[in-house]
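Next come the chains, spelled out residue by residue.
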Amino acid sequence: MGDSLEERLGSMELESTMKDEFCTDIGPPFKENAATAEDWQKALNKVVPAVVVLRITSCRAFDTDSAGASSATGFVVDKRRGIILTNRHVVKPGPVVAEAMFLNREEVTVYPMYRDPVHDFGFFRYKPDAIQFLDYEEIPLAPEVACVGLEIRVVGNDSGEKVSILAGTLARLDRDAPHYRKDGYNDFNTFYLQAASGTKGGSSGSPVIDWQGRAVALNAGGKLSSSASAFFLPLERVVRALKFLQKGGDLYTRKWEPISIPRGTLQATFLHKGFDEIRRLGLQSETEQMVRHASAEGETGMLVVESVVPGGPAHNHLEPGDVLVRVNGEVITQFLKLETLLDDSVEQKIELQLERGGTPLSVRLLVQDLHSITPAHFLEVSGAVIHPLSYQQARNFRFQCGLVYVSEPGYMLFRAGVPRHAIIKKFAGEEITKLEDLISVLSKLSRGARVPLEYITYMYRHRRKSVLVTMDRHEWYAPPQIYTRDESSGLWTAKAAFQPVSMLPSSGVNGEATDKEHRHQDNHQELTDVATSMETSCEDASAELRSQDETVNSEKKTATENAVLRDHQEATASASIAERVMEPTLVMFEVHVPQSCLLDGVHSQHFSGTGVIIYHSSSLGLVVVDRNTVAISASDVMLSFAAYPIEIPGEVVFLHPVFNYALVAYDPLALGTVGASAVRAAELLPEPALRRGDSVYLVGLSRSLQATSRKSIVTNPSAALSIGFADCPRYRATNMELIELDTDFGRSFSGVLTDEHGRVQAIWGSFSTQVSILFKKYKRKKTKLKFGCNSSDDHQLVRGIPVYAISQVLDKIISGANGPPLLINGVKRPMPLLRILEVELYPTLLSKARSFGLSDDWIQALVKKDPVRRQVLRVKGSLAGSKAENLLEEGDMVLAVNKEPVTCFRDIENVCQALDIGDNGGNLNMTIFRQGCEIDVLVGTDMRDGNGTTRMINWCGCVVQEPHSAVRALGFLPEEGHGVYVARWCNGSPVNRYGLYSFQWIVEVNGKPTPDLDAFVNITKELEHGEFVRVRTVHLNGKPRVFTLKQDLHYWPTWELKFDPDTAIWRRRMIKTLDCCDL
């Protein structure tokens, strides 16, 4: 979900992608540098205390930047007012939280004060009184001192070091602005200074000083190559901006009066090209002579138009290759003079005299306010960040400023396939030209609505792509909000984008639910509204949305449905018997997991696979599928039926805690009359069990929803499953015997195994596993594994899962189990509880067991019990926290249960299920063989439901939950408390900034134990905004750690997501937040 902080420390220093040709032009003569070592020492003693380490957290993706944590450098330029100068890509254009650490380790909070829309500089502000123990002075700015050959020092936080001082000599004053990324921030319309100082990541914002301690430039970027070149921003425009800010007041105040710094633009990019190249562009010799005469001595070129942003003031007036001669009658050959003129002429017209291919021309253009095309607000909906297209990205992509731009797709748009940097053009049939249009459409949509969206990207600007967007049915995310930058505080304030009157009724803060009858009616109505036939084109979907209040002729609709069904039956007439029998029972799954609740170590956000209908009535439909398709219950499931062209939502109702299958419910009413009659449930055949050599038919669905089958032979009906632990603990099937075939369709094909009559004998399911990269590369004879790379790679395998376990659970659901009720299609149904021996077992051949000392009597008894397998079960480990923990040890051989020999996993399962009948306290009398001795042990079993994880807390950007079974299977839970396990963390959050990552338990907060989620909530809801919190954690490897983090309730409130079985909806509840009035 994110990269570690250590891997992002150098992110402030960007790599230039241009191939630079360094010239040897000699600039103006400079005074001989007579500075001594003592002079430099004196200057550094003055400068170093004023240089600060900046720790920056970008709380949201915005414009050119992604969310994340990083470090950089800044320096004090106004001590009295508390102003720090650094780079624009450090201050960030979006929401940011930052701290400055001074030389003596005093840390203060800093707030964004100004970031230039174009050039790479910005200002933070801090409270000067907060620095109590350090004597420091501000660093004066002296841009006029910079010259070729000047000896310099770069003082900053280089490569994450507290203080680093690098020496260099200015080599160029007229370098083109570096080009960092084609889809990110780039400076332009300015010269840069260049020196071979070798700065690295973290040094962005460092002062470039001379021997007198004056800042002559601002370190901005570097070229990661053997030349180790660094790029410095000239300070002329920085000095101008600072003077404007200083007019805002003489002293620091909590909120300051926003200062408008005039910035003008033509939305055109210029390059400085030499006279030799400009002649080739057609410059007249008379013009060159005039320009050389009117310009400063040593001028070598002129400004040439490189690009023009569509829709800007220069659009259709300036063209690439135009040579700029005069502006308002004055010869302009330098960026600084041009920018000064533009900044002084905002909202005024200026006259440009140009030469285009040797032909003189003159144009009058209106200078636009640069701040007006710099976005200062964004919409956050379902995790997506959407805002008007900025000038920076409009220039990169050659789009018009102000278009609706997807900075981060979040969940809803990611699920539909909308990428980052997309431009939304049409939504729900309405043209989208500005952000307000999108908000207006969103306000009319209800939860679960499916509407078309059209977008373009800069790579495929001439082709609109159409996708189907599904509004979140569950409360995965907060309601849509508008964030607006408050220039007086440096923060972004949030407010509701609209009143969600069309949303489904939800629980209040105190958990108060609506009336049960209305709740069931609303839930059923939602399923009926959402589960309509998926449109085959954007036009059909738009028409349906516009005409949803119109009545539909039912007879005509039924006739159309029957015609579709007849055409489908005719098309499948040539299919095999197995395909024809099974096709009405097969379903294609599309499963998406929201980023906000990646629970239980789930390793992907998108899964797909084939399931089979095992129950179908007028009120309930159930589909079984493997757990590599439906991994967790916090998912959005869409079902496509092979027998009838329709796509409807499904709800996860049961996840087997051990075996690799899940049950998903659907509403048969959503299929319509014809659709409900076209699909049917498969006939399950749990007995007799398959044997080696039996013929079966492997039947599944292709991507085009066509049934595909092949006849195969069972090669091993009882292959013991053995899947190792994943790097990130996640669901792992255990204690299963699987079916292997001689031929199949590959490891990505799932389906069912049937007999010749189409009766299902096994599910052909997918299992998630990991393969060592080192082993894979060794097998493929690749290059040696690099240090620090991930040790494993995700893979999957497919095997047959016997249906006996599935049929047992299905019978309990249909007949009425004794477990907790769950609302399914408006009806509460009791769901089964399973009695499980939480011990992982594996088989060992009796020949091996004899070598361990197992007696002949037991070997004969086990052979008599199972002459085919000839094996004994051994203990691999017990789940931590289970009743079997500390009773069974690794390596124990399980000989008998309740005096009856056991040889396979099914024997263990049968005796566990038999405990539900008798009055035995849920204990098993197990006979085991341990270290040469035969002993009897009374082992308890555990009751587990099929709900999976149904509750999570998001605190400071980390997702905490109860430890799931894959974590407990590692055999360790901390003694201090194990109910608060960190499952995930979010980029740009406080835990990202301070390093609270996954795979550990939070056992204490401010010295108070957190044994479970309730205790954790009670403690954290008392914590205030901006408070430093002491956290004690225990890692999966048992290593304890204590550290502090600063709570940020403004951007990262504490909230809970919990599944409500009474409404079958995941509900979001705010635990602790910060009102804007509290800022």
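See above for the structure.
Presented here is an overview of the structure given in this document.

Definitions and cut-offs
Residues numbered from 1 in each chain as written. Predicted model: local features only at pLDDT ≥ 70, side-chain atom pairs only at ≥ 80, totals over all residues. Heavy atoms only, no water. Helix = DSSP H or I, 4+ residues; strand = E, 2+ residues; numbered from the N terminus. Buried < 20%, exposed > 50% of the residue type's maximum accessible area, 1.4 Å probe, protein only. Contact = heavy atoms within 4.5 Å. Areas by Shrake-Rupley, 256 points an atom, 1.4 Å probe, with all protein chains shown as cover. Phe/Tyr/Trp six-rings, centres within 6.5 Å; stacked < 30°, edge-to-face > 60°. Lys NZ or Arg CZ within 6 Å of the ring centre and 35° of its normal. Pairing = 2+ DSSP bridges. Axes fitted to C-alpha atoms, helices over the stretch in contact; angles between N-to-C directions. Parallel < 35°, antiparallel > 145°, perpendicular 65-115°, else oblique. Nonpolar A, V, L, I, M, F, W, Y, C, P; charged D, E, K, R; others polar. Disulfide = S-S within 2.5 Å. Core = buried A, V, L, I, M, F, W, Y, C linked by side-chain atoms within 4.5 Å. Arc of directions from axis to C-beta. Polar contact = N/O pair within 3.5 Å; in protein donor to acceptor, adjacent residues only side chain to side chain. Left-handed = near helix turned anticlockwise from the far one by under 90°.

**A word on the overall build of the chain**
No. 1: Looking only at helices and strands, the chain has 22 helices and 60 strands in total.
No. 2: By residue count, 56% of the 1079 residues in the chain fall in the buried class.
No. 3: Taking the contacts inside the chain whose residues are at least 6 apart along the sequence as the reference set, 69% of them involve residues at least 24 apart.
No. 4: For the chain, the exposed surface amounts to about 45400 Å²; the carbon and sulfur share of it is 49%.

**Focus: the packing of aromatic side chains**
No. 1: One pass over the structure, following the stated rule, counts 23 aromatic pairs.
No. 2: On the basis of an interplanar angle of 40° and a centroid distance of 5.8 Å, the ring pair of Trp476 and Trp1066 is categorised as tilted. With Trp476 in the loop between strand 27 (465-470) and strand 28 (481-486) and Trp1066 in strand 60 (residues 1065-1072), the pair connects residues that are 590 residues apart, well separated along the chain. Each member of the pair, Trp476 together with Trp1066, is buried.
No. 3: Connected via pairs of aromatic rings, a cluster forms that spans Phe62, Phe378, Tyr483 and Trp492.
No. 4: Just above the ring of Phe745 sits the side chain of Arg710; from NZ or CZ to the centre is 4.9 Å.
No. 5: Positioned above the aromatic ring of Phe852 is the side chain of Arg874, whose terminal nitrogen or guanidinium carbon lies 4.4 Å from the ring centre.

**What about the sheet that holds strand 31 (residues 606-616)?**
No. 1: Reading around the circumference, 30-31-32-35-34-33 is the order of the six strands in this closed barrel, with antiparallel pairing throughout. Each strand axis lies, on average, 40° off the axis of its neighbour in the sheet, ignoring direction.
No. 2: Inspection of the sheet shows strand 33 (residues 636-641) paired to strand 34 (residues 647-655) by four bridges, in the antiparallel sense. Following the sheet pairing, Leu639 is matched in strand 34 by Ile648.
No. 3: The strands touched by helix 16 (residues 804-815) are strand 31, strand 32 (621-625), strand 34 and strand 35 (662-666); relative to strand 31, the strand with the most contacts, the crossing angle is about 60°.

**Some thoughts on the packing of helix 3 (residues 236-246) against helix 6 (residues 335-343)**
No. 1: Orientation of helix 3 relative to helix 6, taken along the N-to-C sense of each, is 25°, at an axis distance of 11 Å. Relative to helix 6, helix 3 is oriented roughly parallel. Here Glu236, Arg237 and Arg240 of helix 3 lie close against helix 6, whose contacting residues are Leu336, Glu339, Thr340 and Asp343.
No. 2: Within the contact of helix 3 with helix 6, the residues separate by chemical class into one nonpolar, one polar and five charged.

**Section: the state of the cysteines**
No. 1: Overall, the coordinates contain zero disulfides when judged by the stated rule.
No. 2: You can see Cys958 has no disulfide; the closest cysteine sulfur is in Cys956, sitting 6.8 Å from it.
No. 3: Cys958 sits in the buried class, given a relative accessible area of 0%.

**Things to note about the nonpolar core**
No. 1: Phe589, Leu639 and Phe641 are the most contacted members of the largest nonpolar core, which has 89 residues in total.
No. 2: For this core, the leading source of residues is helix 16, giving six residues.
No. 3: Every residue in contact with Leu639, bar those within four places of it in the chain, is listed here: Val587, Met588, Phe589, Val623, Ile646, Glu647, Ile648, Gly650, Val664 and Tyr666.
No. 4: Core analysis: the second largest hydrophobic core is formed by 52 residues, Ile84, Ala98, Ala177 and Leu242 among them.

**Describing helix 5 (residues 285-294)**
No. 1: Taken together, the buried positions of helix 5 are occupied by Thr287, Glu288 and Val291. The arc that holds every buried residue of helix 5, seen down its axis, measures 100°, which confines them to one face. Exposed residues on helix 5 whose side chains face more than 90 degrees from its buried face are Ser285, Glu286, Gln289 and His293.

**Here's the deal with the side chain of Asp942**
No. 1: Mapped onto the elements of the fold, Asp942 is located in strand 51 (residues 942-944).
No. 2: A polar side-chain atom of Asp942 sits 3.2 Å from the main-chain amide nitrogen of Lys883.
No. 3: Apart from residues no more than four positions distant in its own chain, Asp942 is found in contact with Leu834, Arg835, Ile836, Glu838, Ser882 and Lys883.

**Some remarks on the pairing of strand 37 (residues 707-720)**
No. 1: Examined bridge by bridge, strand 36 (residues 695-701) and strand 37 share seven bridges and lie antiparallel to one another. Within strand 37, the position partnered with Leu698 by the bridge is Arg710.
No. 2: Joining the antiparallel neighbours strand 36 and strand 37 is a turn of five residues, in which Leu705 adopts a positive phi near 60°.
No. 3: The sheet contact formed by strand 37 and strand 38 (residues 737-741) spans four bridges and is antiparallel.

**Some points on the environment of Lys1008**
No. 1: When you line up the elements, Lys1008 lands in strand 56 (residues 1008-1009).
No. 2: Under the relative-accessibility criterion, Lys1008 is labelled partly exposed at 49%.
No. 3: Along the sequence, Lys1008 and Ile1019 sit eleven residues apart, while their C-alpha atoms lie 7.7 Å from each other.
No. 4: Residues contacting Lys1008, with those up to four places away along its chain left out, are Val1003 and Ile1019.

**Some words on the sheet that holds strand 7 (residues 151-156)**
No. 1: In space, the six strands of this closed barrel follow the order 7-8-9-12-11-10, with antiparallel pairing throughout. Ignoring which end each strand starts from, the neighbouring axes of this sheet average 45° apart.
No. 2: Together, strand 7, strand 8 (164-176) and strand 10 (207-209) form the strand contacts of helix 1 (residues 37-47), whose direction differs from that of strand 7 by roughly 30°.

**Quick word on unusual backbone geometry**
No. 1: Look at the link from Glu687 to Pro688: it is a cis peptide, with omega at -5°.
No. 2: Relative to the assigned elements, Pro688 resides in the loop between helix 14 (672-678) and strand 36.
No. 3: With phi around 60°, Arg398 is a residue other than glycine that occupies positive phi space.
No. 4: Non-glycine residue Asn825 carries a positive phi angle of around 55°.
No. 5: Along the chain, the position of Asn825 falls in the loop between strand 42 (821-824) and strand 43 (827-830).

**Considerations on the side chain of Thr265**
No. 1: In this fold, Thr265 is placed in strand 13 (residues 264-265).
No. 2: A relative accessible area of 5% means that Thr265 is categorised as buried.
No. 3: Polar side-chain contacts of Thr265 include one of 2.9 Å to the backbone nitrogen of Gln267.
No. 4: Once you skip the residues sitting within four places of it in the chain, Thr265 turns out to touch Pro313, Leu366, Val367, Gln368, Leu370, Ile373 and Tyr391.

**Examining the packing of helix 16 against helix 19 (residues 905-914)**
No. 1: Look at helix 16 against helix 19: their axes get within 12 Å of each other, and the N-to-C directions meet at 15°. Regarding the angle of helix 16 to helix 19, the classification is roughly parallel. Judged by the twist between their axes, the crossing of helix 16 over helix 19 is left-handed. Mapping the contact onto sequence places Tyr804, Ala805, Gln808 and Lys812 in helix 16 and Arg906, Glu909 and Gln913 in helix 19.
No. 2: Classifying every residue of the contact of helix 16 with helix 19 gives two nonpolar, two polar and three charged.

Read these as geometric descriptors, not functional statements.
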